[in-house]
Amino acid sequence: MTSAQVVVDEPLPLGTGGRGAADAVRFLRDCQSRALTVRWVPDSDALPFDTELLHHLPPPAPRPASPDGSGRSGRSDEAAVWRSRYAYGLLYHRRGPDFVTVMDRRDPSASARFTIDQPSLLGAFLTVQEPTALDELDAARREAVSLLADERLVLVTQGWVVALPPRLRRWPVPCTSV
């Protein structure tokens, strides 16, 4: 089964951080959820957050070389690492009644499985499936977001937060391996 390809004509606004970056991450996460191949480039070579958080999402396409032939930068190297480490199913979540299970294999030496069933954590996780301004959250949800950020399950950027694990609709391993 081949997946459909999405080609993004404009650079995704990750370099500005904030709402634009949160929306771009949600877009990539939702494409990953549907196992879509995405061809995109970021709007900047300098991203205001750790790109390792995003290695489970479709990586940026290589940038064309500049007219002077250089075309390489530290960020290009980071993008190449992202492309080499990317694999479908490195980070995902599944939902049950009153809980969410998250599998995180972005760091092979520290794979983790989380069950989120505490009401304030679960409520915060479900709320930030859509990009959300931190100042719109009550104190309990902001504290929950802080805990989720400590576990690298949400991206917080310039006052905005969005959940990172996609909800997979295709199982990442053969059913005989489960």
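As shown above, the structure is provided for reference.
Quantities reported herein were computed from a predicted structural model and do not represent experimental measurements.

**Student:** Pulling in residues and values, what's your account of the environment of glycine 20?
**Tutor:** By the element assignment, glycine 20 lies in helix α1 (residues 18-33). It is 9.2 Å that separates the C-alpha atoms of glycine 20 and tryptophan 160, two residues lying 140 residues apart in sequence.

**Student:** Could you give me a rundown of the nonpolar core, with the residues and numbers involved?
**Tutor:** Among the nonpolar cores identified, the biggest contains 38 residues, and Leu14, Val25, Leu54, Val102 and Ile116 are the most heavily contacted of them. Breaking this core down by element, the ones donating at least two residues are α1, β4 (99-104), β5 (112-116), α3 (119-127), α4 (139-150), β7 (154-157) and β8 (160-163). If we skip the residues at most four places from it in the chain, leucine 14 touches Ala21, Ala24, Val25, Trp40, Pro42, Asp43, Leu47, Pro48 and Phe49.

**Student:** Before we move on, could you go through the pattern of salt bridges and cite the residues and values that matter?
**Tutor:** Applying the stated rule across the entire model yields six salt bridges. One salt bridge connects glutamate 130 with arginine 26, and the closest N-O pair in it is separated by 3.9 Å. Linking glutamate 130 in the loop between α3 and β6 (132-133) with arginine 26 in helix α1, this pair joins segments that are 104 residues apart in sequence. The partner of aspartate 50 in a salt bridge is arginine 152, with the nearest N and O atoms 3.5 Å apart. Within this pair, whereas aspartate 50 is found in the loop between β2 (37-39) and α2 (74-85), its partner arginine 152 is found in the loop between α4 and β7, the two being separated by 102 residues in sequence. Accessibility expressed as a relative area gives 36% for aspartate 50, which makes it partly exposed. Overlapping salt bridges, with partners in common, bring together Arg26, Arg29, Asp30 and Glu130 in one network.

Reading the values: rules and limits
- Residues numbered from 1 in each chain as written.
- Predicted model: local features only at pLDDT ≥ 70, side-chain atom pairs only at ≥ 80, totals over all residues.
- Heavy atoms only, no water.
- Helix = DSSP H or I, 4+ residues; strand = E, 2+ residues; numbered from the N terminus.
- Core = buried A, V, L, I, M, F, W, Y, C linked by side-chain atoms within 4.5 Å.
- Buried < 20%, exposed > 50% of the residue type's maximum accessible area, 1.4 Å probe, protein only.
- Contact = heavy atoms within 4.5 Å.
- Salt bridge = Lys/Arg side-chain N within 4 Å of Asp/Glu carboxyl O.

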